[in-house]
Amino acid sequence: MRHFIVVIGLLLAALGAASCDGDGDGADALSPTPAAVATAAPTPDTTPAIVLDAPTAGSSVQVPLTISGTANVFEAVFHLQVLAPNGALLCARRMMASSGTGTPADWETAIAFAFPSAVAGPLPVRIRAFSLSAKDGAEENIVERQVNVSPEPPSIVINDPPCGVSVSKRAGLDVAGTADVFEAALTLELHDDAGRIVVTQNILSAEGQTRAPFAALLDLSDPAIIPGAYDLVALSFSARDGSRENEFAIPIVVTP
């Protein structure tokens with residue numbers, strides 16, 4: 001009787017193992033349960049929306065400041081400012097990268113301003129870049145960097161008007177500054193927002209081959225000049241090959 005019970009038990013155990021075998025080969029009953037495979041979480045993108053590549057922090061630079069970096073911001077629009085140690089705005093530019101949100105894009109620009117006459121040595125300035133929130137217009141993606149601007153002036157400097165000034169189309173534009181250019185010859189241009197030259201005027205400084213003052217009045221009455229944002233550019237042309245050189249450009253706004 002005891003042997004009969006043992007045989008029945010063995011038969012039941014064999015039937016149980018067979019029922020767990022999916023393909024009938026007896027292997028499933030002995031195979032270990034596969035371990036769960038962990039899926040790695042995606043690495044978040046920690047690249048800032050606006051990056052300043054140049055100039056580097058603490059570096060010595062000259063006017064005009066060449067500033068470059070990358071941007072990945074709403075509608076590709078952001079803003080650059082250069083601030084004096086007391087927080088006064090020396091110059092600012094509205095910038096547009098070559099692509100908008102989702103695609104980082106390279107950018108580069110030059111910012112010029114008249115060096116403060118009261119400063120004798122290098123001027124520590126703060127470069128500030130930011131975009132504006134599409135939700136409420138608040139500043140966001142702010143990045144800042146301090147550099148030291150040399151008091152050595154470039155070959156051409158526009159002292160008046162200051163960067164960012166608004167000028168009336170009816171009044172014309174008084175321009176004054178200093179230049180140290182070949183044969184005292186320089187050119188003033190007004191560029192529209194698309195970079196087209198809408199005004200050009202050739203002028204002379206008071207003396208050639210040395211730094212000397214210049215002054216001129218630009219006529220803004222041309223119908224092609226409509227109210228909006230412009231760049232006032234002073235430059236000279238190379239005596240060697242006629243190429244443009246010594247460009248000093250500041251943004252201005254023309255009003256009705």
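Residue numbering note: each chain is counted from 1, following its sequence as written. Totals for whole chains, interfaces and linings use every residue, but because this is a predicted model, local features are given only for residues with pLDDT of at least 70 and side-chain atom pairs only at 80 or more, for both listing and counting. Hydrogens and water molecules were not included; the side-chain quantities draw on all heavy atoms of the structure.

S.K.: Requested: an account of the overall build of the chain, with residues and values cited.
M.R.: Only DSSP runs of H or I covering at least 4 residues are called helices, and only runs of E covering at least 2 are called strands; the numbering of each starts at the N terminus. Within the chain, the regular secondary structure consists of 1 helix and 16 strands. With a 1.4 Å probe rolled over the protein chains alone, any residue whose accessible area is under 20% of its type maximum counts as buried; one over 50% counts as exposed, and the rest are partly exposed. The proportion of buried residues among the 256 residues of the chain is 37%. Of all intrachain contacts in the chain linking residues separated by at least 6 positions in sequence, the fraction that spans at least 24 positions is 59%. Carbon and sulfur atoms make up 57% of the accessible area of the chain, which totals about 14800 Å². By the convention used here, residues are in contact when the closest approach between their heavy atoms is within 4.5 Å. Each accessible area is a Shrake-Rupley result for a 1.4 Å probe, and residues are judged covered by the shown protein chains and nothing else.

S.K.: Any details on the state of the cysteines? Residues and values, ideally.
M.R.: Two cysteine sulfurs form what is called a disulfide whenever their separation falls within 2.5 Å. For the structure on display, the rule yields 1 disulfide. Disulfide pairing places Cys91 opposite Cys163 at an S-S distance of 1.9 Å. Disulfide Cys91 to Cys163: torsion about the S-S bond roughly 70 degrees, handedness right-handed. Highlighted residues: Cys91 in strand S5 (residues 89-96) and Cys163 in the loop between strand S9 (156-160) and strand S10 (166-168), separated in sequence by 72 residues. Considered together, Cys91 and Cys163 belong to a single accessibility category, that of buried residues.

S.K.: So what about the layout of surface pockets? Which residues, and what values?
M.R.: Using a probe with the size of a water molecule, rolled over the atoms, empty space left in the structure can be pinpointed. Of the pockets and cavities examined, the largest pocket occupies roughly 700 Å³. Residues are called lining when one of their atoms sits within 4 Å of a cavity or pocket point, these points coming from a 1 Å grid over the protein atoms alone, where a cavity is a set in which a 1.4 Å probe fits but cannot get out and a pocket is an open set with protein on both sides within 12 Å along at least five of seven lines. As for the largest pocket, its lining consists of 28 residues, and the residues nearest its centre are Arg93, Arg94, Asp193, Asp231 and Pro251. Sorting the residues of the lining of the largest pocket by element identifies strand S4 (77-83), S5, strand S15 (228-237) and strand S16 (244-255) as the ones contributing at least two each. The element contributing the most residues to the lining of the largest pocket is S5, with 8 residues. Here the residues of the lining of the largest pocket sort into 16 nonpolar, 6 polar and 6 charged. Grid points are joined across faces, edges and corners, and a volume is the space filled by probe spheres set on the points. For this classification, the nonpolar set comprises Ala, Val, Leu, Ile, Met, Phe, Trp, Tyr, Cys and Pro, the charged set comprises Asp, Glu, Lys and Arg, and every other residue, Gly included, is treated as polar.

S.K.: So, the sheet that holds strand S1 (residues 50-54): which residues are in play, and what are the values?
M.R.: Strand order in this open sheet of 3 strands is S1-S3-S6, and the pairing throughout is antiparallel. Edge strands, defined here as strands with exactly one partner in the open sheet, are S1 and strand S6 (105-111). If you compare each strand with its neighbour and ignore which way they point, the axes differ by 30 degrees on average. Only strands that DSSP links by at least two bridges are regarded as paired with each other. Of the pairings in the sheet, the one linking strand S3 (residues 65-71) to S6 comprises 7 bridges and is antiparallel in character. Within the sheet, the bridge partner assigned to Ser68 lies in S6 and is Glu108. Axis geometry follows a simple rule: fit a line to the C-alpha atoms, using only the stretch in contact for helices, then measure angles between N-to-C directions, giving values from 0 to 180 degrees.

S.K.: Give me the environment of Pro104: which residues, what numbers.
M.R.: You can see Pro104 is positioned in the loop between S5 and S6. With 53 residues separating them along the chain, Pro104 and Val51 place their C-alpha atoms 9.7 Å apart. What Pro104 contacts, discounting residues up to four positions off in sequence, is Ala71, Asn72 and Ser99.

S.K.: Break down the nonpolar core for me, with residues and values.
M.R.: Ranked by internal contacts, the top residues of the largest apolar core, which has 57 residues, are Leu65 and Leu80. Once residues within four sequence positions are removed from consideration, Leu65 is found in contact with Val82, Thr109, Ala110, Ile111, Phe113, Val125, Ile127, Val147 and Val149. We define a nonpolar core as any set of buried Ala, Val, Leu, Ile, Met, Phe, Trp, Tyr and Cys residues linked to one another through side-chain atoms lying within 4.5 Å.

S.K.: Summarise the pairing of strand S13 (residues 197-204); cite the residues concerned and give the values.
M.R.: Pairing between strand S12 (residues 185-191) and S13: 7 bridges, direction antiparallel. Residue pairing in the sheet places Thr187 in a bridge with Asn202 of S13.

S.K.: So what's going on with the side chain of Gln81? Residues and values would help.
M.R.: With respect to the element layout, Gln81 can be found in strand S4. With a relative accessible area of 17%, Gln81 lands in the buried category. Apart from the residues lying within four places of it in its own chain, the contact partners of Gln81 are Leu89, Cys91, Ala92, Arg126, Ile127, Arg128 and Phe130.

S.K.: Pulling in residues and values, what's your account of the pairing of S5?
M.R.: Across 7 bridges, S4 lies against S5 in antiparallel orientation. Bridging from a neighbouring strand, Val82 pairs with Cys91 of S5. Following S4, the chain reverses through 5 residues before pairing antiparallel with S5; Gly87 in that reversal takes a positive phi of roughly 90 degrees.

S.K.: Account for the packing of aromatic side chains, naming residues and giving values.
M.R.: Working definition: an aromatic ring pair is given by the centre-to-centre distance plus the angle between the planes. We call Phe, Tyr and Trp rings a pair once their centres come within 6.5 Å, taking the six-membered ring for Trp, and we label the pair stacked below 30 degrees between planes, edge-to-face above 60, and tilted otherwise. The full count for this structure, using the stated rule, is 1 aromatic pair. Measuring from centroid to centroid gives 5.1 Å for Phe78 and Trp107, while their planes differ by 55 degrees, and the two rings are tilted. Taken as a pair, Phe78 in strand S4 and Trp107 in strand S6 lie far apart in primary sequence, 29 residues in all.

S.K.: Outline the environment of Val63, supporting the account with residue identities and numerical values.
M.R.: Of note, Val63 is situated in the loop between strand S2 (60-61) and S3. Along the sequence, Val63 and Ala110 sit 47 residues apart, while their C-alpha atoms lie 8.6 Å from each other. Once residues lying within four places of it in the same chain are set aside, the contact partners of Val63 are Ala112, Phe113, Val149, Pro154 and Phe248.

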